[in-house]
Amino acid sequence: MKGSRWNLVVVTVLATSALLGCSGQSVTTSNPSSPAVVLAEELPPADTEVVEGNDAEAAADFEEKEDAITRPDGWGEETHGKATDPNYRVVFAQDEVNRVDITIDPEIWQAMFDDMTNLYGEFGSRPVGGTRSDPGRPPAQDDARGDPPPQPEGALQGEENRPPRQPGGAGVPGNAGADDENPIWVSVTIDFEGDTWTDVGLRFKGNSSLRSSWQQGNSKLPFRLDFDQFEDEVPEIDDQRFYGFQKVTFSSNFSDASFLREKVTADLFREAGVPAANTAFYEVYVDHGDGPVYFGLYTMTEVIEDTVIEEQFEDDSGNVYKPDGTGARLAAGSFNEASFDKQTNEDEGDWGDVRALYDALHAGTRTTDPAAWRAGLEAVFDVDGFLNYLAVNQVVQNWDTYGNIAHNYYLYHDPTTDSLTWIPWDNNMALRSDVGVRQVLSIALDEVDTQWPLIRYLLDDEVYHARYVAYVETFIGAVFEPDAMAGTYRELAALVEPYALAENQGYTFLRSDAAFYDAIDALIAHAAERYETAATYVAGQ
């Protein structure tokens with residue numbers, strides 16, 4: 001599907017002013033080209049559960065609901081419907097870079113910028129130097145190895161396509177740095193391979209990557225899509241999906257000159273048997289009033305609470321948590337519900353499964369009766385799954401995760417095992433030995449203290465320590481072999497090279513073409529070095 005396109009058209013609203021500065025609110029209207037729809041009160045209640053399967057009564061209710069809705073033109077069950085299985089071949093293509101075209105009404109673009117200004121301060125308030133070329137101009141053709149992505153007909157280049165500066169005046173610092181605030185949702189229309197999805201939700205997403213990009217004046221911002229975000233406001237798109245997917249995210253490859261870390265790390269986790277999101281590369285073009293502008297090469301990532309738990313677990317009805325904050329360390333006495341944001345079953349005010357993990361982890365039997373402690377912990381937590389994750393994570397290295405910072409993981413309460421499972425997230429800082437905000441932890445993890453008890457307590461236990469060592473040995477023997485890793489890096493580099501090198505000033509984190517090639521070489525060298533380090537560690541145990 002090389003060259004495939006998505007057109008996302010944000011629908012203009014009449015009263016954007018009511019939305020500015022209000023985190024979590026949305027901008028939407030019905031698409032004027034959509035067919036007439038029945039009134040919301042004529043539809044089944046929004047909280048009505050439609051159970052698909054062999055239940056005849058539920059199936060009849062579902063069909064009645066479908067009959068009551070006039071779907072948008074071009075709606076197909078395989079492409080738009082909820083009942084279809086996720087099509088990974090289409091959405092997460094592994095051997096090509098698909099294209100996304102986003103068209104945003106200037107008023108809505110301004111609303112998004114004003115909202116971001118309220119959250120993070122003035123756009124470009126902390127610019128950085130060392131950029132790759134003059135503002136808004138594409139790199140010289142003799143400087144871009146390989147053919148750049150094809151420009152769409154009518155695409156504009158130059159100063160007129162620079163991202164807007166200082167929207168709404170000097171900006172309102174306001175809540176800059178308020179990580180618990182999310183940017184506003186806006187309504188978009190997506191065209192892909194001749195089909196159309198209307199009223200899809202889009203918002204900027206992320207923590208440090210979003211804030212830093214914004215404050216540096218870099219328009220390559222990460223974002224998220226939700227295909228039925230506006231189903232309550234627009235009933236005709238109720239339960240809308242994109243080839244079986246409700247949600248996907250687009251990571252900007254922030255602080256990654258290779259563009260490969262997010263994808264390769266997630267692939268390594270899954271190959272090692274650790275649940276992790278699927279990823280794929282996309283080139284993103286945005287038209288917010290002056291024609292399509294290349295916003296750069298992104299990594300599309302599967303969303304945990306959407307299809308990851310559906311496809312990688314037998315039962316997807318359990319609680320999904322996205323931990324962040326003090327309680328996410330799991331240290332003694334730190335439990336609080338606010339640190340475990342529910343992504344599913346939000347209406348059920350019960351964090352008993354997480355509380356059970358705390359209680360089992362900090363039980364007094366850890367020092368008095370280790371066997372009883374292990375049994376109690378394994379009854380509520382997939383310990384082997386965590387040790388496997390930890391082994392992979394320490395071999396590949398990632399300072400931006402548990403052990404250094406209390407975020408970038410999910411917990412899923414798997415009903416099949418009645419225990420919590422660890423799922424890694426956000427891997428753009430992995431596969432590097434250089435120090436980031438925090439130190440890079442050693443493979444032995446001797447420096448980790450009891451403020452990170454899932455590491456310290458488990459590795460202090462001789463049984464769990466032996467399992468950890470075994471997982472390290474298995475990973476380097478079966479998955480992380482240096483020559484195989486070098487081949488993977490070279491193959492993916494060749495795939496993304498023309499799209500990475502075509503990024504322009506104001507829409508890139510790449511300082512030069514040479515930086516891309518140096519980053520690929522660094523990945524190959526890192527794999528060889530980490531293999532030797534891990535092998536030495538295993539031999540010494």
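Everything below is about the structure printed above this text.
Notes on the structure in this doc start here. (Residues numbered from 1 in each chain as written. Predicted model: local features only at pLDDT ≥ 70, side-chain atom pairs only at ≥ 80, totals over all residues. Heavy atoms only, no water.)

### Some details on the environment of Asn-118
Here Asn-118 shows up in helix α4 (residues 106-120). Judged by relative accessible area, Asn-118 falls into the buried class, the value being 19%. Linking Asn-118 and Pro-183, residues 65 residues apart in sequence, is a C-alpha distance of 9.5 Å. (Helix = DSSP H or I, 4+ residues; strand = E, 2+ residues; numbered from the N terminus. Buried < 20%, exposed > 50% of the residue type's maximum accessible area, 1.4 Å probe, protein only.)

### As for the packing of helix α6 (residues 261-271) against helix α14 (residues 482-501)
Between α6 and α14, the shortest axis-to-axis distance is 11 Å and the interhelical angle comes to 140 degrees. As far as their axial angle goes, α14 and α6 are oblique. Where α6 crosses over α14, the handedness of that crossing is right-handed. Contacts between α6 and α14 involve Lys-263, Val-264 and Leu-268 from the first element and Met-485, Tyr-489 and Leu-492 from the second. (Axes fitted to C-alpha atoms, helices over the stretch in contact; angles between N-to-C directions. Parallel < 35°, antiparallel > 145°, perpendicular 65-115°, else oblique. Left-handed = near helix turned anticlockwise from the far one by under 90°. Contact = heavy atoms within 4.5 Å.)

### Some points on the nonpolar core
Formed by 83 residues in total, the largest nonpolar core has its most connected members in Phe-340, Leu-377, Phe-381, Leu-458 and Tyr-468. Every residue in contact with Leu-458, bar those within four places of it in the chain, is listed here: Leu-361, Trp-373, Leu-377, Val-383, Phe-386, Leu-387, Pro-453, Tyr-464 and His-465. Of all hydrophobic cores here, the second largest spans 44 residues; its members include Ile-108, Ile-184, Ile-190 and Phe-295. (Core = buried A, V, L, I, M, F, W, Y, C linked by side-chain atoms within 4.5 Å.)

### Describing the environment of Gly-74
Here Gly-74 is to be found in the loop between α1 (56-68) and α2 (77-80). For the pair Gly-74 and Trp-197, spaced 123 residues apart in sequence, the C-alpha to C-alpha distance is 8.6 Å. Ignoring anything within four residues of it in the chain, the contact list for Gly-74 reads His-80 and Asp-195.

### Let's talk about the layout of surface pockets
One number sums up the size of the second largest pocket: a volume of about 170 Å³. As for the second largest pocket, its lining consists of Gln-94, Lys-263, Val-264, Asp-267, Leu-268, Glu-271, Val-479, Ala-484, Met-485, Thr-488 and Leu-492. Elements supplying a minimum of two residues to the lining of the second largest pocket: α6 and α14. Top contributing element to the lining of the second largest pocket by residue count: α6, with five residues. (1 Å grid on protein atoms, 1.4 Å probe; cavity = no way out; pocket = protein on both sides within 12 Å on 5 of 7 lines; lining within 4 Å. Points joined across faces, edges and corners; volume = space filled by probe spheres on them.)

### A closer look at the packing of helix α8 (residues 352-361) against helix α10 (residues 370-378)
Two elements in contact, α8 and α10, have axes whose closest approach is 9 Å; the angle formed by their N-to-C orientations is 170 degrees. Between α8 and α10, the crossing angle belongs to the class labelled roughly antiparallel. Note on element contacts: α10 touches α8 through Trp-373, Gly-376 and Leu-377, opposite Leu-357, Ala-360 and Leu-361. Residue composition of the contact of α8 with α10, by class: five nonpolar, one polar and no charged. (Nonpolar A, V, L, I, M, F, W, Y, C, P; charged D, E, K, R; others polar.)

### Focus: the pattern of salt bridges
When the charged atoms of two side chains lie near each other, side chains of opposite charge can form a pair. Applying the stated criterion to the full structure yields 13 salt bridges. The salt bridge involving Arg-456 is made with Asp-460; its shortest N-O contact spans 3.1 Å. Of this pair, Arg-456 and Asp-460 both sit in helix α12 (residues 453-460), four residues apart, which is roughly one turn of the helix. We classify Arg-456 as buried; its relative accessible area is 10%. (Salt bridge = Lys/Arg side-chain N within 4 Å of Asp/Glu carboxyl O.)

### What about the sheet that holds strand β10 (residues 320-323)?
Taken together, the four strands give an open sheet; going across it, the order is β11-β10-β12-β13, and neighbouring strands pair in antiparallel fashion. Strands at the two margins of the open sheet, each flanked by one partner only, are β11 (340-342) and β13 (419-424). The average angle at which neighbouring strand axes cross in this sheet is 30 degrees, direction not considered. (Pairing = 2+ DSSP bridges.)

### Examining unusual backbone geometry
When glycine is set aside, most residues are seen to have a negative phi, and most peptide bonds are trans. Of note, the phi angle at Leu-431 is positive, near 60 degrees, even though the residue is not glycine. When you line up the elements, Leu-431 lands in the loop between β13 and α12. Although it is not a glycine, Leu-445 adopts a positive phi angle of roughly 60 degrees. Summarising the element assignment, Leu-445 is placed in the loop between β13 and α12. On the accessibility criterion, Leu-445 (0% relative accessible area) is buried.

### Here's the deal with the pairing of strand β6 (residues 223-226)
Taken residue by residue, a regular strand's side chains alternate between the two faces of the sheet. By the alternation rule, side chains of β6 split into Phe-223 and Leu-225 and Arg-224 and Asp-226, which are all buried. Of the strand pairs in this sheet, strand β5 (residues 195-204) and β6 are connected by four bridges, and their pairing is antiparallel. Bridging from a neighbouring strand, Arg-203 pairs with Arg-224 of β6. Of the strand pairs in this sheet, β6 and strand β7 (residues 247-251) are connected by four bridges, and their pairing is antiparallel. Along β7, the bridge assignment pairs Arg-224 with Thr-249.

### Re the pairing of strand β9 (residues 293-302)
In terms of burial, β9 is a largely internal element, ten of the ten residues being buried. Strand direction decides the pairing type here: β7 and β9, joined by four bridges, are antiparallel. Along β9, the bridge assignment pairs Phe-250 with Met-300. Where strand β8 (residues 279-287) and β9 come together, eight bridges link them in antiparallel fashion. Within β9, the position partnered with Val-284 by the bridge is Gly-296.

### Looking at the side chain of Arg-432
Mapped onto the fold, Arg-432 is located in the loop between β13 and α12. Arg-432 gets classed as buried once you look at its relative accessible area, which sits at 14%. A polar contact of 2.9 Å, which involves the side chain of Arg-432, links it to the backbone oxygen of Ser-255. If we skip the residues at most four places from it in the chain, Arg-432 touches Ser-255, Arg-261, Val-396, Gln-397, Val-440 and His-526. (Polar contact = N/O pair within 3.5 Å; in protein donor to acceptor, adjacent residues only side chain to side chain.)

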